[in-house]
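Secondary and tertiary structure notes
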Amino acid sequence: MRTLYETGKAAQVRWTSSGAVVLSSGQTLLFSGPQNENDNHQHRVGILLNKKAKSSLMEWNPISERIIMARFMSKVQKVTVIQCYAPTNVAKEEDKEEFYNQLQATIDKKTPRDVLIVMGDMNAKVGQDNTGRELIMGKEGIGDINENGKLFADFCCHNDLVIGGTTFPHKDIHKTTWTLPDMRTRNQIDHITVARRWRKSMQDVRTYRGADIASDHQHLVAKFEIKIARATKQGQTRNRKFHIQKLNNPELNREFSIKLSNRFQELAEIDDGSVDKQWKRVKTTYNTTCQEELGFSKKEYKTWLSDNTIGKIEKPRSLKTQLDDAKTRLQKERLKREHTLATKNVKKETRNDKRNLFQKQRMQWPEMTPRLCITSHVN
């Protein structure tokens, strides 16, 4: 989340406290952070939903700046997803204990039959040795287990969670999730786990190196055989608007008027003396004609980034792909310098776009109306 706080990563998002925002791409971001507005934007978590996932969202709860929970409707069983960010391996023992106690309390409150998925940056290396932990992890891990790894493995054993990244055979570059600044040392510290009862629903877990978000973490992806469904929220209805802008077309306007007039002529022949029934028929006629001829309008989200900036965003992405595929040390160093320079140019352009956006908004603000002061004099 600290990466997305940078200008241009997620436009105009207010990152303090907790909340939900709709991005210019149409995706919905649920985020949870500390109440202090003067923090350095290090401890916060979030869940990014596309439109289909947003329609399946039943509820969500920002637990703390390190834990967020969301519950989704599914065609088979409801799904509870917990996204978290654990303290680092060198953090204080009190912080680690507080985090895992809070995470355990969150799991204890969930519905028992839900499909449970716990994921995030656990800062834990679980290694390849699964002796005594065969039920919750495989032998496809990376390296040796560390102190955080033992805490995380014990937590998974207690809650019967399977560590997905250790169960699927892949190349090492598709297992490691974090790269040190030296560009050589790679570790597996991000994890996606699922309740062992639903282990067969997890099809695959691996990392993808194509995402360029100025982060030293790789994109960890898990595939689940779970079909989400639209969540029905009681007391809430969707306000869909007809695409009335189509009536600006003279031909379409004429056809719409003719069909609407013909249908009203048929209604004129029906007279049952009931005002309520007549009103329902009129309303149904309007709605049916509008739906058939105009359809519903779709909400469009506009980005404040200019076309020039969007074009420059592709360059660091291309360099990031070349950097991942580089073989020699000299080639990596050269591509890293080019990628750093291209990223700085993108940040500069996004700051200019944001400054221009604020300038346009100021020009559109109405001028302050002078107040009228009335005084009275009593002789």
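The structure contained in this document is the topic of the report that follows. (Residues numbered from 1 in each chain as written. Predicted model: local features only at pLDDT ≥ 70, side-chain atom pairs only at ≥ 80, totals over all residues. Heavy atoms only, no water.)

Focus on helix H3 (residues 147–159)
Here is the rule: Numbered from the N terminus, helices here are DSSP runs of H or I no shorter than four residues, and strands are runs of E no shorter than two. Helix span, as expected, comes to 1.5 Å for every residue beyond the first. Three labels apply to residues, based on accessible area from a 1.4 Å probe with only protein chains included: buried if under 20% of the type maximum, exposed if over 50%, partly exposed otherwise in between. Think of the arc as the fan of directions from the helix axis to the C-beta atoms.
Between its first and last C-alpha, H3 extends 19 Å over 13 residues, near the 18 Å set by a 1.5 Å rise per residue. Asn-148, Gly-149, Phe-152, Ala-153, Phe-155, Cys-156 and Asn-159 are the residues of H3 that are buried. The buried side chains of H3 occupy one side of the element, clustering within an arc of 160 degrees when seen end-on. Positive backbone phi, at 60 degrees, marks Asp-160, one or two positions downstream of H3.

Looking at the packing of helix H2 (residues 93–109) against H3
Rules: All axes here are fitted lines through C-alpha atoms, helices being fitted over the stretch that makes contact, and every angle between N-to-C directions spans 0 to 180 degrees. When describing relative orientation, an angle under 35 degrees is termed roughly parallel and one over 145 degrees roughly antiparallel, while 65 to 115 degrees is termed roughly perpendicular and anything else oblique. Left-handed describes a crossing whose near helix is turned anticlockwise from the far helix through less than a right angle; right-handed describes the clockwise counterpart. Throughout, a residue-residue contact means that at least one pair of heavy atoms, one from each residue, lies within 4.5 Å.
Viewed as axis vectors pointing N to C, H2 and H3 meet at an angle of 20 degrees, and their least axial separation amounts to 12 Å. As the angle between them shows, H2 and H3 are arranged roughly parallel. For the pair H2 and H3, the sense of crossing is right-handed. Where H2 approaches H3, its residues Glu-93, Lys-96, Tyr-100, Leu-103, Gln-104 and Ile-107 are matched on the opposing element by Glu-147, Asn-148, Leu-151, Phe-152, Phe-155, His-158 and Asn-159.

Quick word on the packing of aromatic side chains
Under the convention used in this document: Paired rings are identified among Phe, Tyr and Trp, the last through its six-membered ring, by centres lying within 6.5 Å, and are further divided according to the angle between planes into stacked (under 30 degrees), edge-to-face (over 60) and tilted (the rest). Here, over-ring charges are defined by two tests on the NZ atom of lysine or the CZ atom of arginine: distance to the ring centre within 6 Å, and angle to the ring normal within 35 degrees.
Applying the stated criterion across every chain, the model contains 4 aromatic pairs. Plain terms: the ring middles of Phe-264 and Tyr-286 are 5.3 Å apart, the flat faces sit at 65 degrees to each other, and that makes the pair edge-to-face. Linking Phe-264 in helix H4 (residues 250–268) with Tyr-286 in helix H5 (residues 275–293), this pair joins segments that are 22 residues apart in sequence. Since its relative accessible area comes to 39%, Tyr-286 is described here as partly exposed. What links up through ring pairs into an aromatic cluster is the set Phe-99, Tyr-100 and Phe-155. When the ring centre of Tyr-85 is taken as reference, the NZ or CZ atom of Arg-66 above it lies at 5.0 Å. It is Arg-206 that lies over the ring of Tyr-208; its NZ or CZ is 4.0 Å from the centre.

Some remarks on the sheet that holds strand E2 (residues 28–32)
By definition, the strands of a sheet pair up through backbone hydrogen bonds, in either a parallel or an antiparallel sense. Definition in use: When DSSP finds two or more bridges between two strands, those strands count as paired.
Taken in spatial order, the 3 strands line up as E1-E2-E3 in an open sheet, and their pairing is antiparallel. Since the sheet does not close on itself, it has two edges, and those belong to strand E1 (18–22) and strand E3 (45–49), each with one partner. Strand-to-strand twist in this sheet, taken as the mean axis angle between neighbours without regard to direction, amounts to 15 degrees. For E1 and E2, the ladder comprises 5 bridges, and the chain directions are antiparallel. Residue pairing for E2: Val-22 is matched across the bridge by Thr-28.

Some words on H2
For H2, spanning 17 residues, the distance from its first C-alpha to its last is 25 Å, which sits close to the expected 24 Å at 1.5 Å a residue. Residues Lys-96, Phe-99, Tyr-100, Leu-103, Gln-104, Thr-106 and Ile-107 constitute the buried set of H2. Projection of H2 onto a plane perpendicular to its axis shows the buried side chains occupying an angular sector of 155 degrees, all on one side. H2 presents Glu-94, Glu-97, Glu-98, Asp-108 and Lys-109 as exposed residues on the side facing more than 90 degrees away from its buried surface. As for H2, its buried residues are in contact with strand E5 (67–72), strand E6 (79–85), strand E7 (115–121) and H3.

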